[in-house]
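Reading the structure
If you want the building blocks of each chain, they are given just below.
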Amino acid sequence: MNDIFNLKTEIDFQQKCLETFHYQYNNIEIYRKFVDYLNIDPREILEIEKIPFLPIEMFKNHTILDRKKSADLYFQSSGTTQMNLSKHWIADENLYKQSIEKSFERFIGKAEDYIFLGLLPSYLEKQNSSLIYMVDFLMKKSGKPENGYFLYNHAELFNLLKILSAENKKVILFGVAFALLDFLEFCQKSSQKIETSEEIIIIETGGMKGRKEEMTKDELLKIFYEGFKTEKIYSEYSMTELLSQAYSLGENIYESPNWMRVLIRNTEDPFSYVESGRTGAINIIDLANRHSCSFIATQDLGKIVGDAKNSSTKSGEIDSQKFQVLGRIDHSDIRGCSLLVS
């Protein structure tokens, strides 16, 4: 399946999507039931815009796994013990590792060149986090002795950043949004002045989840620009139900790797799509999800920046798709999800 990482042209991508759709219809029971419930004949699916996208809520109540595979590893969404959490079973761990590494190299660089710090308290305190798995993997590839995680020990993180900045070391700080805000608040209250070198990159991974007052991504990034005194405030976009990541290198504009694509569906009609530049709900194609489901209808709002598809170069090669994530859909349960039999 590593051929998904070698897709070169739009034709390659379209063909791989259609092949994946038919494979998953035949081998993933819940997806087949969903397609059948919609009264869709899989033989009539000839373009990716016609592929049915599975509501992301299905991961909360069903095991979505290739019948030909077994899995011991799973990722689970964050939340309280009272919540019904999504669970994503991983039949091919190597696919996730390749996706992490190739996407990171495409947009950031080689992991071996960086020191990785993690300010991810809510994820460290939970088990089976795909985000922690990703950062762990990058730390192992890096092999730097300074790599490490921080919970609420903000003074220790501040002192380490100060040392690494003075030494002009290349550092990436992965931080969940509310924890980065807490860190800046600590620095302000304790009169600690942050002075980051040009070699330090902050990558926020989203995640307020009721811990802070909700704000737009642009408002959040403005606080980070001013607080960390750097323009290198990046963002990473993924989720428990995916095995691929998109990155924003500024201005809240994400780019997806060649095996991942966003389509923006009409919030009033989930089976139609809106034009580039218009806001709608995000559907994601993630071809790394070979053994679960590659076609996911999320609860996020967004819009395409530029061409509605990955723009192609004159030679027909795929260029990175650009999109924005604008927030969450309120009351986003999709009608029909709960009607599928277990």
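Residues numbered from 1 in each chain as written. Predicted model: local features only at pLDDT ≥ 70, side-chain atom pairs only at ≥ 80, totals over all residues. Heavy atoms only, no water.

With an unreviewed UniProt entry as reference, the protein chain is termed Acyl-protein synthetase, LuxE, source organism Kaistella treverensis.

**A few points about the packing of helix α1 (residues 10-27) against helix α2 (residues 29-37)**
Which entries qualify depends on this criterion: Helix axes are fitted to C-alpha atoms over the stretch in contact, other axes to C-alpha atoms as well, and angles between N-to-C directions run from 0 to 180 degrees. Secondary structure elements follow DSSP: runs of H or I no shorter than four residues count as helices, runs of E no shorter than two count as strands, and numbering proceeds from the N terminus. If an angle is under 35 degrees, it is roughly parallel; if it is over 145, roughly antiparallel; if it lies from 65 to 115, roughly perpendicular; otherwise it is oblique. Note on contacts: a residue pair is in contact if any heavy atoms of the two residues lie within 4.5 Å. Residues are grouped as follows: Ala, Val, Leu, Ile, Met, Phe, Trp, Tyr, Cys and Pro are nonpolar; Asp, Glu, Lys and Arg are charged; every other residue, Gly included, is polar.
Where α1 meets α2, the closest approach of the two axes is 6 Å, and the angle between their N-to-C directions is 100°. With respect to their mutual orientation, α1 and α2 come out roughly perpendicular. Where α1 abuts α2, its residues Phe21, Gln24, Tyr25, Asn26 and Asn27 lie against Glu29, Tyr31, Arg32, Val35 and Asp36. Across the contact of α1 with α2, the residue classes break down as 4 nonpolar, 3 polar and 3 charged.

**Side note on the pattern of salt bridges**
Defined as follows: Any carboxyl oxygen of Asp or Glu that lies within 4 Å of a side-chain nitrogen of Lys or Arg is treated as forming a salt bridge with it.
In total, this model carries 16 salt bridges according to the counting rule given. Ionic pairing is found between lysine 141 and glutamate 101, a salt bridge with its closest N-O pair at 3.2 Å. Of this pair, lysine 141 sits in helix α6 (residues 130-142) while glutamate 101 sits in helix α4 (residues 93-107), and the two are 40 residues apart along the sequence. A salt bridge links lysine 217 to glutamate 204, with the shortest nitrogen-to-oxygen separation between them at 2.9 Å. One end of the pair, lysine 217, is in helix α9 (residues 217-228); the other, glutamate 204, is in strand β7 (residues 200-204), with 13 residues separating them in the sequence. If you follow the salt bridges from partner to partner, you end up with Asp3, Lys16, Glu19 and Arg290 in one network.

**Here we look at α6**
Inclusion rule: Helices are assigned an expected span. That span is 1.5 Å times one less than the residue count. Relative accessibility under 20% of the residue-type maximum defines a buried residue, over 50% an exposed one, and the middle range a partly exposed one, all with a 1.4 Å probe and only protein chains included. Polar contact is defined as a pair of N or O atoms within 3.5 Å, subject to the rule that within protein one atom must be able to donate a hydrogen and the other to accept it, and that residues adjacent in sequence are counted only when both atoms are side-chain atoms.
Compared with the 18 Å implied by 1.5 Å per residue over 13 residues, the 18 Å span of α6 between its first and last C-alpha is a close match. In terms of burial, α6 is a largely internal element, 10 of the 13 residues being buried. All of the buried residues along α6 are Ser130, Leu131, Ile132, Tyr133, Met134, Val135, Phe137, Leu138, Met139 and Ser142. For α6, the N-terminal capping position is held by serine 129, with its side-chain oxygen 3.2 Å away from the main-chain nitrogen of leucine 131. In the segment just after α6, glycine 143 is the residue with positive phi, at about 70°.

**So, the nonpolar core**
To be explicit about the condition: By nonpolar core is meant a set of buried Ala, Val, Leu, Ile, Met, Phe, Trp, Tyr and Cys residues that side-chain atoms within 4.5 Å join together. Each domain's limits were defined by an automated method or a database of domain assignments.
Of all hydrophobic cores here, the largest spans 102 residues; its most connected members are Tyr31, Leu117 and Phe228. Counting contributing residues per domain, this core is built from domain 1 (11-85 + 260-328) and domain 2 (94-237), each supplying no fewer than three. Excluding its chain neighbours within four sequence positions, the residues that come into contact with leucine 117 are Met139, Glu146, Gly148, Phe150, Leu157, Leu160, Leu161, Leu164, Val171, Ile172, Leu173 and Phe174.

**Thoughts on a nonpolar patch on the surface**
To keep it simple, the criterion reads: Within the patch definition used here, like charges are joined within 9 Å and nonpolar side chains (Val, Leu, Ile, Met, Phe, Trp, Tyr) within 5 Å, considering only residues with over 30% relative accessible area and no salt bridge. To be clear on the numbers: accessible area is Shrake-Rupley with a 1.4 Å probe, and residue cover counts the displayed protein chains and nothing else.
On the surface, a nonpolar cluster with roughly 250 Å² of combined accessible area is contributed by Leu124, Leu151 and Tyr152. The residue tyrosine 152 is located in the loop between β5 (148-150) and α7 (154-166) in this model.

**A short note on the pairing of strand β14 (residues 321-328)**
Applicable threshold: Any two strands are treated as partners once DSSP identifies two or more bridges connecting them.
Alignment of strand β10 (residues 254-256) against β14, held across 3 bridges, turns out to be antiparallel. Across the sheet, tyrosine 254 pairs through a bridge with phenylalanine 323, a residue of β14. The sheet contact formed by strand β13 (residues 295-304) and β14 spans 5 bridges and is antiparallel. Within the sheet, the bridge partner assigned to isoleucine 304 lies in β14 and is phenylalanine 323.

**Observations concerning the confidence of the model for the protein chain**
Applicable threshold: Scored between 0 and 100, pLDDT is the confidence that the predictor attaches to each residue.
Predicted confidence across the protein chain gives a mean pLDDT of 89, with 90% of residues reaching 70 or more. This model gives residues 332-342 a pLDDT under 50, and the stretch forms 21 contacts once residues within four places in sequence are excluded.

**As for the environment of glutamate 167**
Looking at the secondary structure, you find glutamate 167 in the loop between α7 and β6 (171-175). In this structure the C-alpha to C-alpha distance between glutamate 167 and serine 197, which are 30 residues apart in sequence, comes to 8.9 Å.

**Considerations on the pairing of β6**
Just so we agree on the cut-off: By convention, a crossover is right-handed whenever its connection, traced from the first strand over the helix to the second and viewed with the strands pointing away, goes clockwise.
The buried fraction of β6 amounts to 5 of the 5 residues, a majority that puts the element mostly inside the structure. Residues of β6 alternate between two faces, with Val171, Leu173 and Gly175 on one and Ile172 and Phe174 on the opposite face, all of them buried. Taken together, the 5 bridges between strand β4 (residues 115-119) and β6 define a ladder with parallel strand orientation. Within β6, the position partnered with leucine 117 by the bridge is leucine 173. Pairing geometry for β6 and β7, over 5 bridges, is parallel. If you follow phenylalanine 174 over to β7, its bridge partner there is isoleucine 203. Between the parallel elements β6 and β7, the chain passes through helix α8 (residues 177-189) in a crossover that is right-handed.

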